[in-house]
Amino acid sequence: MTLPAGIQPLAAFAPLLRANGFAVAPDQVMGFIEAVGLLGPSNITDIRRAAVAMLAIPQDRRAEFDALFDAHFLGAALPQAVPADEEEVEAHEGTGETEEIPADPSDEDPGEETTATERLGQRALEDRPEEALALLRRQATHLPRRRSYRLRAAKRGRTPDLRRTLRDAVRRDGEIMTLPVRRRRTRQRRIVLLIDVSGSMQERTEGALRLAHTLVRHAERAEVFTLGTRLTRVTPALRLQNPKRALDRASALIADIDGGTRIGEAMEAFLAIPRYAGFARGAAVVILSDGLERGTPDGLIAATRRLRRIAWRLDWLTPIPGAEPRGLTEIAPLLDTLGDGATTEATVRHLLNMAKVA
Amino acid sequence: MAVRPSISGISSPNGLREALQSAQYLADEGLSTAAYLSLALGKPLLLEGAPGVGKTEAAKAMGSVLGRQVIRLQCYEGIDAAAALYEWNYPRQMLAIRQAGEEYVNVYGDQYLLARPLLEALRAPEDTLLLIDEIDRSDHEFEAFLLEFLSDFTISIPETGTVRARTHPVVVLTSNRTRDLHEALRRRCVYHWIDYPSPELEAEIVMTRASSVARATADAVVASVGLLRQELLAKPPGVAETVEWAEAATLLAAQGAPWPEAFRRAIGVALKDQDDLAFMAPRLADVLPGEAA
């Protein structure tokens, strides 16, 4: 079957979108063609609007879409790298020099020597993070929970189940024999994991992402962001089942891996986006970072204070416990715990114990 | 899919835009195109955008343009079918059984059914506009349930049978995007992202909504709200805040406060977060509208 000539370019647009990672369903394409017909398109803007509305293009992929649209309908050259800026929020850019990879931490961190010895000791443990991850998988139900708005029938509880009582009574000719009760359901609190991917955390980055992958796959709800010179949301990438592919996709998203550190600004960016800040509301927020911040830690402290108020609890796990840099000592009183994040095992234990500590 | 190019006398995006304007809602072309397409194709309209850009207002204005009653379903975490669809009126059923004594009584009649928003909208699809507000607050389960409702527009009540809409009702969904909606839900809808309006449009909105405000004041307020939205704030001011700020400052100015001072004292209607106020305090003078009167 051949399509009428007028429709062909419209229909041919869908495969192009699909090839670029837009989920476009056939009935959406039909809707798009119908919509163009309805608008009796007087100009290209009508077609563009119809496409955005009928193909439900998310706002944060609009730039990418526009580039494809221009290429397809206007014959513009496809930009070399279509900005895949899904979920990528740049922290405010400072002046150029902070962009560099920070120098060897030894010249700025007095606790570096202890760190080195400690890390040597932990190497052996680090070789078997699989066991820790397996523990997290098995015990994911022990992550902290909150009471839901919803009630469910239960054997014991304080709220009488009116509907069930009356339904039973209707069945039994209006006699009430028992009094069924309901209680609040529980749901897992969202875990928000903020992972520092700067150069000073290089050794822990992969382990942390592996852990994040297991968490995203097995917790009921979890969100993962990476902090560096900018903020990146990696949750969608980590939803893939295969750990290697998930990690590859996540690393591709993180443009600032092993780069400089501006955690404070990245955290401010996190808080400034209502959607992201909403993730932290009532959630258990866990930051995996050594707290080594370029420049003054003022922004970091302000952001932490703010995050503390939104979140249910806020924990900071550092790979070098006992050797906190400037910023972290000031933050410590704001945190629920300043804990040990040197190994996957320690981190997993912390996550699973959060419900008890509270 | 039944295409209805003309509904209630509206037969083009521009026609809808003018109608909305007379209902005191100033829409841009993107919104009027998406809204028109949703009406013409009988698909739900999904409006996403930051809080306070006028998503709910848009739905209400559409209701008044179409001459339909707006039925609003406010979503919340834990909303369930009993709150959205229908519930049996158990006390009445009980009474009926008691009164009937030995007689047979059908307790599943219409008089024992409490219709909730979705059922209400299905029963009168030509007279109502169903507004499903803040869908992002509901649980995933509810979203999945809506999916079924929005594709078939039927509700089955086990005791009595299936209620089917004669025509596709007009449905508007709004989301603040606190979480991603499921792709399948987006796919069933006509989508529009409402952005903050352009400065010119926002000044027009202020003038339309707040009759007492002078044009110069409106322009000045819009300009400084634009500056505020560029800051990293927890709660950037929405369109409603802009209107209120202009009104509040005008009121204070009428009582004798000088202009910049009037804006400063009325800042509480624009910035509603102590952290934001503290954050902006040192630089507030740069952002505040200057001499405007």
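In this text the structure is predicted, and so the values were computed from the model without any measurement. (Residues numbered from 1 in each chain as written. Chains lettered and ligands numbered in written order. Predicted model: local features only at pLDDT ≥ 70, side-chain atom pairs only at ≥ 80, totals over all residues.)

**Some remarks on the overall build of chain B**
For step 1, the next point in the chain: Summing up its helical and strand segments, chain B has 14 helices and 9 strands in all.
For step 2, the next point in the chain: Here chain B holds 293 residues, and 43% of them are scored as buried.
For step 3, the next point in the chain: Here the analysis covers contacts within chain B between residues at least 6 apart in sequence; of these, 75% occur between residues at least 24 apart. (Helix = DSSP H or I, 4+ residues; strand = E, 2+ residues; numbered from the N terminus. Buried ≥ 20, exposed ≤ 12 C-beta atoms within 10 Å, placed from the backbone. Contact = placed C-beta atoms within 7 Å.)

**So, the interface of chain A and chain B**
For interface size, the figure often reported is the accessible area lost on association.
For step 1, the next point in the chain: Opposite the 32 residues of chain A that make contact, chain B presents 36 residues.
For step 2, the next point in the chain: When residues of the side of chain A that touches chain B are traced back to their parent elements, those giving at least two are α2 (26–39), α3 (44–54), β2 (145–154), α7 (162–171), α11 (263–272) and α12 (274–280) of chain A.
For step 3, the next point in the chain: No other element matches α7(A), which puts 6 residues into the side of chain A that touches chain B.
For step 4, the next point in the chain: In terms of residue class, the side of chain A that touches chain B is made up of 18 nonpolar, 6 polar and 8 charged. (Nonpolar A, V, L, I, M, F, W, Y, C, P; charged D, E, K, R; others polar.)

**Details of the sheet that holds strand β5 (residues 128–133) of chain B**
Residues and elements named next belong to chain B.
For step 1, the next point in the chain: Read from one edge to the other, the open sheet built from 5 strands follows the order β2-β5-β8-β1-β9, with strand pairing classed as parallel. Looking at strand neighbours, the two that pair on one side only are β2 (69–74) and β9 (190–193), the edges of this open sheet. Put simply, the sheet's adjacent strands are angled 20° from each other on average, direction ignored.
For step 2, the next point in the chain: The pairing of strand β1 (residues 45–48) with β9 spans 4 bridges and is parallel. Each residue of the ladder has a partner; that of L45, found in β9, is V190.
For step 3, the next point in the chain: Each of β1, β8 (170–175) and β9 touches helix α2 (residues 29–41); the most contacted strand, β9, lies at about 165° to it. (Pairing = 2+ DSSP bridges. Axes fitted to C-alpha atoms, helices over the stretch in contact; angles between N-to-C directions.)

**Looking at the nonpolar core**
For step 1, the next point in the chain: By size, the foremost hydrophobic cluster in this structure holds 106 residues, and its most contacted members are A:A50 and B:L37.
For step 2, the next point in the chain: Among the elements that line this core, the one with the most residues is α2(B), at 8 residues.
For step 3, the next point in the chain: Once you skip the residues sitting within four places of it in the chain, B:L37 turns out to touch A:A35, A:L38, A:A50, A:A53, A:M54 and B:V190.
For step 4, the next point in the chain: The next biggest cluster of nonpolar side chains, apart from the first, holds 57 residues, and it includes A:L133, A:L227, A:V286 and A:A311. (Core = buried A, V, L, I, M, F, W, Y, C linked by C-beta atoms within 7 Å.)

**Here's the deal with helix α6 (residues 129–138) of chain A**
Residue and element names in this part refer to chain A.
For step 1, the next point in the chain: Every buried residue of α6 is listed here: A132, L133 and L136. Projected onto a plane normal to the axis of α6, the buried residues spread over an arc of 100° and lie on a single side. For α6, exposure combined with an orientation more than 90 degrees from the buried face picks out E130, E131, A134 and R138. (Arc of directions from axis to C-beta.)

**Comments concerning the environment of B:I132**
Residues and elements named next belong to chain B.
For step 1, the next point in the chain: When you line up the elements, I132 lands in strand β5.
For step 2, the next point in the chain: Using a count of 27 C-beta atoms within 10 Å as the deciding quantity, one classes I132 as buried.
For step 3, the next point in the chain: Between the alpha carbons of I132 and S175 there is a distance of 9.0 Å; along the sequence they are 43 residues apart.
For step 4, the next point in the chain: When sequence neighbours within four positions are dropped, the list of residues in contact with I132 reads L73, C75, V171 and L173.

**Details of the environment of B:D28**
Residues and elements named next belong to chain B.
For step 1, the next point in the chain: Mapped onto the elements, D28 comes out in the loop between α1 (13–22) and α2.
For step 2, the next point in the chain: D28 sits 167 residues away from D195 along the chain, and the two C-alpha atoms are 9.8 Å apart.
For step 3, the next point in the chain: Excluding residues within four positions of it along the chain, D28 makes contact with P197 and L201.

**A few points about unusual backbone geometry**
All names here are of chain B.
For step 1, the next point in the chain: In the Ramachandran plot, Q24 falls in the positive-phi region, its phi being about 65° despite a non-glycine side chain.
For step 2, the next point in the chain: Examined against the element boundaries, Q24 turns out to sit in the loop between α1 and α2.
For step 3, the next point in the chain: With 12 C-beta atoms packed within 10 Å, Q24 lands in the exposed category.
For step 4, the next point in the chain: In this structure, E134 takes a positive phi of about 55° despite not being glycine.
For step 5, the next point in the chain: Inspection of the secondary structure assignment puts E134 in the loop between β5 and α7 (140–152).
For step 6, the next point in the chain: Taking the C-beta count within 10 Å as the criterion, E134 has 18 such neighbours and is therefore assigned partly exposed.

**Description of the confidence of the model for chain B**
Residues and elements named next belong to chain B.
For step 1, the next point in the chain: Predicted confidence across chain B gives a mean pLDDT of 87, with 98% of residues reaching 70 or more.
For step 2, the next point in the chain: Per-element averaging of pLDDT across chain B places helix α14 (residues 284–287) at the bottom with 80 and β2 at the top with 95.
For step 3, the next point in the chain: The complex prediction reports pTM at 0.68, with the ipTM value standing at 0.76. (pLDDT = per-residue confidence, 0-100.)

**Here we look at the packing of helix α1 (residues 8–19) of chain A against α2(A)**
Helix packing geometry: the angle between the two helix axes and the distance between the axes.
Residues and elements named next belong to chain A.
For step 1, the next point in the chain: Contact pair α1 / α2: the axes reach a minimum separation of 10 Å and the direction vectors enclose 145°. For the pair α1 and α2, the sense of crossing is right-handed. Contacts between α1 and α2 involve L10, A11 and A14 on the former and, on the latter, V29, F32, I33 and V36.
For step 2, the next point in the chain: Here the residues of the contact of α1 with α2 sort into 7 nonpolar, no polar and no charged. (Left-handed = near helix turned anticlockwise from the far one by under 90°.)

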